[in-house]
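Below, each chain spelled out in residue letters.
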Amino acid sequence: MMLHFREPAKLKTKGVIFEDVYAARDSATLENLKELSSKRKVIEDSINQNCYITEAIAREMSGGLTCPFQQDLRKLEQYLPLLENLVYHVDLLGGNHQIAWWTSELKIRWSSALGASSFFNLMGPKFYQIDNLHFELGMVLFLYGAILRERALEIVPSDLVQSATLFREAAGVFLYLSQEVFPSLQPTFPAERPPEATSYMSTVMSLICLAEAQAVSIKKAEEKGTTAGLLAKLHYGVAEMLGEAIDVLYSANGQCKDISSRFMEFIWSCKALHELRSQKYLAESLKDAGQVGIAIGILHDALINVKKKMPGEESHKSIFRKEVDVAADMLTKCERENEFVWQQKIASGDELPLPQGNKIVNAKPYRPKRWERELAFKI
């Protein structure tokens, strides 16, 4: 089983009406702006849960899609090319003061799902306003990546191959954000902004999605009867990716006081879980090779370490307990077998092998689409 953390997709936004702010020079531009507002309104209603429609109507509006995540992805895929086109034309006008003023009048506002104040806020979510269309583009893409990840999690029980592909696609979206969208905006964005509007958080989300893609790939490998030695390396590869994500967070944020503690716990817990699974498979591999004393030492250390890292969230705790129970049973069997058959010295400390990780997944590159429509403004 995998640990779940669904908060990244729980972004909220305030309404934006493009045609009320940007003065169109011709009817085609006006229609384009109205279409932008219409496509965005559908997304607003969905993520803000403002509009309650029947499943049948939702299915009809999305071309027959029955899954809410797929429906939201379709809405975003219809909005993004129009938004990319607006961003392109506004950027062409450079530092035009009229355009800058119009953009500020849009009052683009998004909440954070990963900030420290995102939880237990009795007054509702805090909204951040940044008067830049690239902020809108970045937050919409972040939402798109987060919902791709949700869809990937949803289909893990039914389609491991497609699930891993969607995780890789989500990783590609976040990688694109971290490399192409946010870096050039660092100097122009205000200091107070949601973590989602930063390169470092997009990098972290990309690494998490890759780790989850590899975790799903491991499930497939287990079904195929892959050797315990290789499974140990694959699980440790997942732990290494999550370790990289933790390093990125701390290097960008110091003590991570601005980041949700639940999000931090999720990453640490996932890392600890895959370390345990790696050590369990390594012990199995060594036992099969007749090195029972080393296998016992590894399991003993693994159980001591993981009990110090037990997560607080109950749903995560139950998964941990099952893994701990499996490892503890394995340790008991190894100790009995060693006592009566092998009588090997129990390894400890420097006698234990260092873990090795293999990474076998990579991000699927995200390629933005832009509907090339001419936009003309009254400047």
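Residues numbered from 1 in each chain as written. Predicted model: local features only at pLDDT ≥ 70, side-chain atom pairs only at ≥ 80, totals over all residues. Heavy atoms only, no water.

**What to know about the overall build of the protein**
The secondary structure content of the protein amounts to 11 helices and 2 strands. Start at the N end of the protein and walk to the C end: the helices and strands fall as α-α-α-α-β-β-α-α-α-α-α-α-α. The dimensions of the protein, computed from C-alpha atoms along their principal axes, are 90 × 45 × 35 Å. Sorting the 379 residues of the protein into buried and exposed places 51% on the buried side. (Helix = DSSP H or I, 4+ residues; strand = E, 2+ residues; numbered from the N terminus. Buried < 20%, exposed > 50% of the residue type's maximum accessible area, 1.4 Å probe, protein only.)

**Focus: empty space enclosed by the protein**
In total, this model carries 4 cavities of 30 Å³ or more according to the counting rule given. For the largest cavity, the calculated volume is near 110 Å³. Contributing to the lining of the largest cavity are Met-2, Leu-3, Ile-208, Ala-211, Glu-212, Ala-215, Val-238, Leu-242, Phe-266, Cys-270, Leu-273 and His-274. Of the residues belonging to the lining of the largest cavity, the class tally is 10 nonpolar, 1 polar and 1 charged. (1 Å grid on protein atoms, 1.4 Å probe; cavity = no way out; pocket = protein on both sides within 12 Å on 5 of 7 lines; lining within 4 Å. Points joined across faces, edges and corners; volume = space filled by probe spheres on them. Nonpolar A, V, L, I, M, F, W, Y, C, P; charged D, E, K, R; others polar.)

**Regarding the environment of Tyr-366**
Structurally, the position occupied by Tyr-366 is in the segment after α11 (314-342). For Tyr-366, a relative accessible area of 18% corresponds to the buried category.

**Observations regarding the packing of aromatic side chains**
Scanning the entire structure with this criterion turns up 8 aromatic pairs. Aromatic pair Tyr-22 and Trp-102: ring centres 6.1 Å apart, planes at 85°, arrangement edge-to-face. Here Trp-102 lies in helix α4 (residues 97-105) and Tyr-22 lies in the segment before α1 (27-48), a separation of 80 residues in the sequence. Each ring, one from Trp-102 and one from Phe-377, has its centre 6.4 Å from the other, and the planes form 55°; the classification is tilted. With Trp-102 in helix α4 and Phe-377 in the segment after α11, the pair connects residues that are 275 residues apart, well separated along the chain. Trp-102 gets classed as buried once you look at its relative accessible area, which sits at 6%. By relative accessible area, which is 4% here, Phe-377 ends up buried. Put simply, the rings of Phe-5, Phe-263 and Phe-266 touch in pairs and so form one group of aromatic residues. The ring of Tyr-281 has Lys-280 lying over it, and the distance from NZ or CZ to the ring centre is 5.1 Å. When the ring centre of Tyr-88 is taken as reference, the NZ or CZ atom of Arg-370 above it lies at 3.8 Å. (Phe/Tyr/Trp six-rings, centres within 6.5 Å; stacked < 30°, edge-to-face > 60°. Lys NZ or Arg CZ within 6 Å of the ring centre and 35° of its normal.)

**So, the packing of helix α9 (residues 261-288) against α11**
The packing of two helices is summarised by the inter-axis angle and the distance between the axes. For the pair α9 and α11, the least separation of the axes is 11 Å and the interaxial angle reads 20°. One element, α9, and the other, α11, form an angle in the roughly parallel class. As α9 runs across α11, the sense of the crossing is left-handed. Seen from α9, the contacting residues are Phe-266, Ser-269, Ala-272, Leu-273, Leu-276, Arg-277, Lys-280, Ala-283, Glu-284 and Lys-287; seen from α11, they are His-316, Ile-319, Phe-320, Glu-323, Val-324, Val-326, Ala-327, Met-330, Cys-334 and Glu-337. (Axes fitted to C-alpha atoms, helices over the stretch in contact; angles between N-to-C directions. Parallel < 35°, antiparallel > 145°, perpendicular 65-115°, else oblique. Left-handed = near helix turned anticlockwise from the far one by under 90°. Contact = heavy atoms within 4.5 Å.)

**With respect to the side chain of Thr-103**
By the secondary structure assignment, Thr-103 is in helix α4. The class for Thr-103 is buried, based on a relative accessible area of 5%. Of the polar contacts made by the side chain of Thr-103, one reaches the side chain of Tyr-22; its length is 2.7 Å. For Thr-103, the contacting residues outside a window of four places in its chain are Tyr-22, Asp-131, Asn-132 and Leu-133. (Polar contact = N/O pair within 3.5 Å; in protein donor to acceptor, adjacent residues only side chain to side chain.)

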